[in-house]
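# Descriptive structure summary
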Amino acid sequence: MSALGTVIRSGVRRRRVQTIVIGLVAAAAVTAAVLGAGLLVASRAPFDQAFAAQRGAHLTVQLTTAQQATVPTATATAGPYAVMNVPFHGPEGMRMPDLTVVARPGPGGDVDRVELTDGRWATAPDEIVIGGDMFRVPTGFELTTDDGHVFTVVGTARSVSGTASAWVLPSAVDRLGGATGYQMLYRFAAAGTPAEVEADRAAVEAALPPGSVLGARSWLDVRERAVREAAVFVPFLVAFALLGIVMAVLVVGTVIAGTVGAATRRIGILKALGCTPAGIVRAFVIQALLPATVGAVAGAVAGNLIALPVLAETEQLYGSANMTIAWWVTLVAAGGVLTVVAATAWAAALRAGRLRTVDAIAVGRASSPVRGRWAGRLAARLPVPRPVALGLARPFARPVRTTAILLAVATGAAAVTFATGLAASLVRIQGAVEQNNADVTVEAAAPSQQAGPGEQSQAQDWRVVPAAIGAQPGTRAFYGVAQAPVTAPGLSDPMTVTAFTGDATWDGYLMVSGRWFTAPGEAVAGAPFLKAMGARVGDTVTVRADGEPVRLHIVGEVFETGSGVFISAATIPDMPPGEWRIALTDGTDASAYSEALNKKLGGGGPQAHPTGVEIDPLLAVVQGLTATLTLLLLAVAALGLLNMLVLDLRDRVHDLGVHKALGMTPRQTIAMVVASVIGVGLLGGALGVPAGIALQRLVVPAMAASGGLHLPDSLLDVYGPVLLAALALGGPAIALLGALMPAGWAARIRTAAALRTE
Amino acid sequence: MTDPVIDLRGVTRRYDDGPPALHDVSLTVKPGESVAVLGPSGSGKSTLLNLIAALDRPDEGTVTVAGTRVDTLGEAASARFRRAHIGLVFQFFNLLDDLTVLDNVLLPAQLSGAARKEARDHAARLLNSLGIARHADAYPGRLSGGERQRVAVARALVNRPALLLADEPTGALDTASGDDVRHLLNQLHDDGQTIVLVTHDLRLAQDCATRTIGMRDGHAEEER
């Protein structure tokens, strides 16, 4: 083995703690980077991949008549296809939301190659293919039009361009009452930006007779909506990825610099023996890169494995399969971390390699300049045991190292604070989204048994159920809920109006602005509804429910993720409730209450049951990811601290021997070592907690905004005094965690051996 | 008859697989005695001192110091024993550079939990009697070798130990400073302090010791 190889091998073996710490820190940094950056990339890729595979439409144009426009910039076109908005009924009269049905001969073509996910394409005029994005209808299911025409579902398909919610053959148009409009699909040479798409749209409009274009939808809007749910992750991932990268650079840098710095005397001896500065730099860079490479490989594997459940969730969102972290992300993450390791080792070794040999050898023998003596004098006056005072003064002797420890602890504390706040906010958001504070729910009837709107059975429920609930002991509050699809001019997406028979504000509805409705004709709505309608609080909008126009005065914005608007039942009196939601008095058992209420209601009709709480799988994934990333950052912070403390103790092992020779017990030694980091821990916590809170206040609203939502303050104000106090202890906890092992080592070191150490 | 301050019986200490650093050593030191341990490098002098100071444990034999079997003590107990009964003076002083002279001297008393004021008064008296009171607030790095060794002696004496162990106390000093320390040790001995010196310095042994023990290849031989 060459001299360099011997030096590297002995360096790696002799400095076991540093070797392990470098490996672990590199692993944690790569894991965090792969997770953050990988998921960031993956959250955009599924749509793009599917869009490319289906040759999605850059522009979907709604026309009044069947006509084509010749546009020079278009590279491919499809259509015109007849379009119909059809209200269907399921078996036994079950009403379904209106479907946008497009008539086209097959799923293929130059544009919008619709992907069949189940069954087959329609081959007869009485067959229909349902778009799986809206709801799932099994093959063989029969749908009936208001005119009594029956269509059999023969397949489920998906258009990434969102051109329709169902498809039939052109020969089926008459059975659906004739076309209400036509659809043309375009692909263009340049459609990457809103400006380009707008130019393309203008070209199409210019090529057609005036007034023939009803509307046009850009693929960029479709894309934005498609990636919205996964995009909720993005600010969260960016924050964690940044935290991870900052922490990785910080800790990897200080670990490597400290390791090389601690070997200055060794470097001096090597130089005295004839090793060149370049050889020394090479040796120390390789010495750092060996464990870092092992760690980076482990981190890359771990990052990809941890990302799997998140990607599985995203796969469901997009209907794509076999999603993985892009290979280049893993490569860049691992390469980036290794570059930081190599660069830091190179810089530190270069400095040591340039030291005069005699100076380098003198390190550890000669008295080094002592800093922070003022702190020592000050600490000596404190009414604390002497070992504690000695420990408290220690950070001031090595200000640079202390600053690095402080930053590591502060970043760790910020990560914990941010993660705790994020998790608490997400739980509250989930509660607010579900609007599910009710203890018991009474459902009017099973959907298959439910009659059409306004028919006999619901009319009975409308009278009987509220009376029974009101008379049932244990009822604190209740209200009935009626829902109906509504449409608005110029909007193709289905929206829902929800009418309440009583006060529903206790059921988790949080106001973002304005107030709850108090009179017929007043309404509150969520951000998606307001955005779709282009309305604001204070505006009056007109929607159509069951074909009838309804004017609604928006008096408040409620926190709501769906395109819903909420009104009093008195606004649309002929909407009977399909569900009653009940809050119970304290101490009332929901199961016993439901049982007793069901006895009163009798069998076969409305049924009461305790309200269950469903865990949103996406939320579970985010929380799991948060916990994983937080643990990683904490581990990195503690490892960094541990390493720096080990270096510090190695530097003054002789002093430790002196202390012990003078009668310092192992317990006093532990107290001294722990005290040397506890102050830094407290300060790190004091800096990290506000930083974490600021990050939470930045990221959570950004997450909501990427989902098109505004958050009420109550969903953000999650840090109570107890939680804050607990989080403030996070810094000292990290310090303690990192200090325990070195303190134990310092306590166990043999006095005679320590005294012999140079 | 007075009990010995040090009583070693059949003490052997081995490191690794080599010949024992100490082999079947037995010796006693009575209160008030000043004993010099002489011998060449590697003869086992420092090992002997480490065993007496409870810094190390023998593989065989017993070590009793001030009535306590120190060879059976654990780390914490030996630390407590040391600060109560033993003062240590090292060849290279082993003063803590980040503490003032006074704080260095006070440290063993503070580790023992001594009353603050009493410890400070005693430390001040010691510094005064050793002629280094003017350096109380200085840092060791600014003192001469002789002055540093005086500080080390003051630190060793602050807990009023039954036994003062000095390992080559003049080994790192120039002649003038060495004389200075020699006088100091003589004076301490005259005041009744029990002292064990490990040294190469024959003159120090002659001036300060009431008896000498020669060490060679791990064996102890009574010389005077």
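The shown structure was predicted, so the numbers you read here are calculated from the model rather than taken from an experiment.

## Some details on the overall build of chain A
Summing up its helical and strand segments, chain A has 22 helices and 21 strands in all. Counting across all 758 residues of chain A, residues that qualify as buried make up 51%. Pairs at least 24 residues apart make up 81% of the contacts formed inside chain A by residues separated by at least 6 positions. Total accessible area computed for chain A in this model is approximately 32,100 Å², and 61% of it derives from carbon and sulfur atoms.

## A closer look at the interface of chain B and chain A
The interface of chain B with chain A comprises 26 residues on the first partner and 30 residues on the second. Buried area between chain B and chain A, summed over both chains or domains, comes out near 2,600 Å², and the portion from carbon and sulfur atoms is 55%. Its largest share of buried area at the contact with chain A, chain B owes to B:Glu75, B:Leu111 and B:Tyr139, together 23% of the area lost on that side. Put simply, chain B and chain A have one salt bridge between them. The salt bridge partner of B:Asp56 is A:Arg750, with a shortest N-O separation of 3.4 Å.

## Describing the pairing of strand 3 (residues 34–38) of chain B
Residue and element names in this part refer to chain B. Counting buried residues along strand 3, five of its five residues qualify, which places the element largely inside the surrounding structure. By the alternation rule, side chains of strand 3 split into Ser34, Ala36 and Leu38 and Val35 and Val37, which are all buried. Pairing of strand 3 with strand 8 (residues 194–199) involves five bridges; the strand directions are parallel. In the sheet register, Leu38 faces strand 8, and the bridge partner there is Thr199. Sheet analysis places strand 3 next to strand 9 (residues 211–216), joined by four bridges and oriented parallel. In the strand pairing of strand 9, Val37 is matched with Ile213.

## A few points about the UniProt feature "transmembrane region" (unreviewed entry) in chain A
All names here are of chain A. Under the UniProt annotation, "transmembrane region" (unreviewed entry) lies at residues 20–42, 233–263, 284–305, 325–349, 404–427, 629–649, 670–698 and 718–740. End-to-end, the C-alpha atoms of residues 284–305 are 32 Å apart, and along that stretch the chain is 100% helix and 0% strand. Counted over residues 670–698, helix gives 100% and strand 0%. Its end C-alpha atoms are 40 Å apart.

## As for the sheet that holds strand 6 (residues 86–89) of chain B
Residue and element names in this part refer to chain B. Taken in spatial order, the six strands make up an open sheet running 6-7-8-3-9-10, and their pairing is mixed. Strands with a single pairing partner mark the edges of an open sheet, and in this sheet they are strand 6 and strand 10 (219–222). Adjacent strand axes in the sheet meet at a mean angle of 20° when their direction is disregarded. Across the sheet, helix 2 (residues 75–85) touches strand 6 and strand 7 (163–167), and the angle it forms with strand 6 is around 85°.

## Looking at helix 11 (residues 373–380) of chain A
Listed in full, the buried residues belonging to helix 11 of chain A are A:Ala375, A:Gly376, A:Ala379 and A:Ala380. The arc that holds every buried residue of helix 11 of chain A, seen down its axis, measures 135°, which confines them to one face.

## Some remarks on empty space enclosed by the protein
If you walk through the whole model with that rule in mind, you get seven cavities of 30 Å³ or more. Lining the largest cavity are 18 residues, with A:Leu390, A:Ala393, A:Arg394, B:Asp98 and B:Leu99 sitting closest to its centre. For the lining of the largest cavity, the secondary structure elements donating two or more residues are helix 11, helix 12 (386–393) and helix 18 (653–661) of chain A. Residues that form the lining of the largest cavity fall into these classes: eight nonpolar, three polar and seven charged. Estimated volume of the second largest cavity: approximately 100 Å³. As for the second largest cavity, its lining consists of A:Arg394, A:Pro395, A:Arg398, A:Arg401, A:Thr402, A:Ile405, A:Leu645, A:Asp648, A:Ser676, A:Val677 and A:Val680. For the lining of the second largest cavity, the secondary structure elements donating two or more residues are helix 13 (399–434), helix 17 (617–651) and helix 19 (666–706) of chain A. Looking at the lining of the second largest cavity, its residues break down into five nonpolar, two polar and four charged.

## Focus: the sheet that holds strand 5 (residues 68–69) of chain B
Consider a sheet: its strands pair through backbone hydrogen bonds, and that pairing is either parallel or antiparallel. Residue and element names in this part refer to chain B. Spatially, four strands are ordered 2-1-4-5 in an open sheet, and the strand pairing comes out antiparallel. The open sheet has two edge strands, strand 2 (22–29) and strand 5, and neither has a second partner. Two strands pair when backbone bridges link them, and strand 1 (residues 6–13) and strand 2 are joined in this way by five bridges, in the antiparallel orientation. Looking at strand 2, one finds that Asp7 is bridged to Thr28. This element, helix 1 (residues 45–52), spans strand 1, strand 2 and strand 4 (60–65) of the sheet and lies at about 125° to strand 1.

## Considering the packing of aromatic side chains
A full pass over the atoms with the stated rule returns 14 aromatic pairs over all chains. Geometrically, the ring pair formed by A:Tyr479 and A:Phe500 is edge-to-face, given 5.2 Å between the ring centres and 85° between the ring planes. Here A:Phe500 lies in strand 14 (residues 495–500) and A:Tyr479 lies in strand 13 (residues 475–487), a separation of 21 residues in the sequence. Taken as a pair, A:Tyr479 and A:Phe500 share a single burial class, namely buried. Through a chain of ring-to-ring contacts, the aromatic side chains of A:Tyr479, A:Phe500, A:Trp506, A:Tyr509, A:Trp516, A:Phe517 and A:Phe566 assemble into a single cluster. The ring of A:Phe151 carries A:Arg175 above its face, with NZ or CZ at 4.8 Å from the centroid. Taking the ring centre of B:Tyr139 as reference, the NZ or CZ of A:Arg373 above it sits at 3.8 Å.

Conventions used here
- Going along each chain's sequence as written, the residues are numbered from 1 onward.
- For naming, the first written chain is A and the first written ligand is 1, with later ones following in the order written.
- Only residues with pLDDT of at least 70 get local features here, since the model is predicted, and only at 80 or more are side-chain atom pairs given and counted; chain-wide, interface and lining totals rely on the full set of residues.
- Computation of side-chain values: all heavy atoms of the structure, hydrogens and water removed.
- Per the convention used, a helix needs a DSSP run of H or I reaching at least four residues, while a strand needs a run of E reaching at least two, with both numbered from the N terminus.
- Partly exposed describes any residue whose relative accessible area lies between the buried limit of under 20% and the exposed limit of over 50%, with all areas from a 1.4 Å probe on protein chains only and scaled to the type maximum.
- Here a residue-residue contact requires only that any non-hydrogen atoms of the pair lie within 4.5 Å.
- Per-residue accessibility takes into account occlusion by the displayed protein chains alone, with areas from the Shrake-Rupley method and a 1.4 Å probe.
- Buried area: the accessible area, evaluated with a 1.4 Å probe, that two parts lose upon being put together, summed over both parts.
- Salt bridges are defined as contacts in which a side-chain nitrogen from Lys or Arg sits within 4 Å of a carboxyl oxygen from Asp or Glu.
- One requirement defines pairing of two strands: DSSP has to find at least two bridges between them.
- UniProt positions are given in the numbering used here, feature names are shortened, and annotations may be inferred rather than shown by experiment.
- Axis geometry follows a simple rule: fit a line to the C-alpha atoms, using only the stretch in contact for helices, then measure angles between N-to-C directions, giving values from 0 to 180 degrees.
- The arc in question is the one traced by the directions running from the helix axis out to the C-beta atoms.
- Using protein atoms alone on a 1 Å grid, points that fit a 1.4 Å probe yet trap it form a cavity, whereas open point sets bounded by protein on both sides within 12 Å along at least five of seven lines form a pocket; residues with an atom within 4 Å of a point count as lining.
- Grid points are joined across faces, edges and corners, and a volume is the space filled by probe spheres set on the points.
- As a working rule, the residues Ala, Val, Leu, Ile, Met, Phe, Trp, Tyr, Cys and Pro are called nonpolar, Asp, Glu, Lys and Arg charged, and the rest polar, with Gly in that last group.
- Only Phe, Tyr and Trp rings are paired, with Trp represented by its six-membered ring, and only when their centres lie within 6.5 Å; those with planes under 30 degrees apart are stacked, over 60 edge-to-face, the remainder tilted.
- Charges are assigned to positions over rings by a cutoff of 6 Å between ring centre and Lys NZ or Arg CZ, combined with an angular limit of 35 degrees from the ring normal.

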